[in-house]
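Descriptive analysis of the structure
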Amino acid sequence: MGTSKYSPEFRADAVALYHSSPGGTYASVAKDLGVNHEMLRTEGPRVFRTGF
């Protein structure tokens, strides 16, 4: 697996923020964080499966 630009903790926190934002979309939360929305979309299931 390649290196990641974001730490596992950042990814978990970003996904948690998305899930705690009523009416928030991947795109809107990603824009607020300055990350690509695909990171949230792909990390969401992994974070909840593994906890990180």
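It should be emphasised that the depicted structure is a prediction, and the values quoted were computed from it without experimental measurement.

The next thing to look at is the overall build of the protein chain. The helix and strand inventory of the protein chain stands at three helices and zero strands. Looking at the protein chain residue by residue over its 52 residues, the buried ones come to 27%.

On the secondary structure map, Ala 12 appears in helix H1 (residues 8–19). Placed 32 residues apart in sequence, Ala 12 and Gly 44 show a C-alpha to C-alpha distance of 8.0 Å.

This part covers the packing of aromatic side chains. Scanning the model with the defined rule gives two aromatic pairs in all. Between Tyr 6 and Phe 10 the ring centres are 5.3 Å apart and the planes differ by 25 degrees, which places this aromatic pair in the stacked class. For Phe 10, a relative accessible area of 29% translates into the label partly exposed. Aromatic pair Tyr 18 and Tyr 26: ring centres 4.3 Å apart, planes at 25 degrees, arrangement stacked. For Tyr 18, a relative accessible area of 19% translates into the label buried.

Contact geometry for H1 and helix H2 (residues 26–33): axes closest at 10 Å, N-to-C directions at 130 degrees. Taken together, the axes of H1 and H2 lie oblique to each other. When the axes of H1 and H2 are compared, the crossing they make is right-handed. Facing Phe 10, Ala 14, Leu 17 and Tyr 18 of H1, the residues of H2 in contact are Tyr 26, Val 29 and Leu 33. Partitioned by chemical class, the residues of the contact of H1 with H2 number seven nonpolar, no polar and no charged.

Cut-offs used in this document
Every residue gets a number counted from 1 within its own chain, in the order that chain's sequence is written. Side-chain atom pairs in this predicted model are given and counted only at pLDDT of 80 or more, local residue features only at pLDDT of at least 70, and totals for whole chains, interfaces and linings cover all residues. Each side-chain value is derived from all of the structure's non-hydrogen atoms; neither hydrogens nor water enter the calculation. By definition, any uninterrupted DSSP run of H or I lasting at least four residues is a helix, any uninterrupted run of E lasting at least two residues is a strand, and each is numbered from the N terminus. Burial classification: accessible surface area is computed with a 1.4 Å probe over protein chains only, and a residue below 20% of its type maximum counts as buried, one above 50% as exposed, and the rest as partly exposed. Note on ring pairs: Phe, Tyr and Trp rings are taken, using the six-membered ring of Trp, and paired if centres are within 6.5 Å. Classes follow the plane angle, with under 30 degrees stacked, over 60 edge-to-face and the rest tilted. Fitting a line to C-alpha atoms yields each axis, with helices limited to the stretch in contact; the angle taken between N-to-C directions then spans 0 to 180 degrees. Geometric relationships in this document are graded by angle, where less than 35 degrees denotes roughly parallel, more than 145 denotes roughly antiparallel, 65 to 115 denotes roughly perpendicular, and other angles denote oblique. Handedness of a crossing is defined here by the sense of rotation of the near helix relative to the far one, left-handed for an anticlockwise turn of less than a right angle and right-handed for a clockwise turn. Working rule for contacts: check all heavy atoms of both residues, and any pair within 4.5 Å makes them a contact. Residue polarity is assigned by list, with Asp, Glu, Lys and Arg as charged and Ala, Val, Leu, Ile, Met, Phe, Trp, Tyr, Cys and Pro as nonpolar; anything else, Gly included, falls into the polar class.

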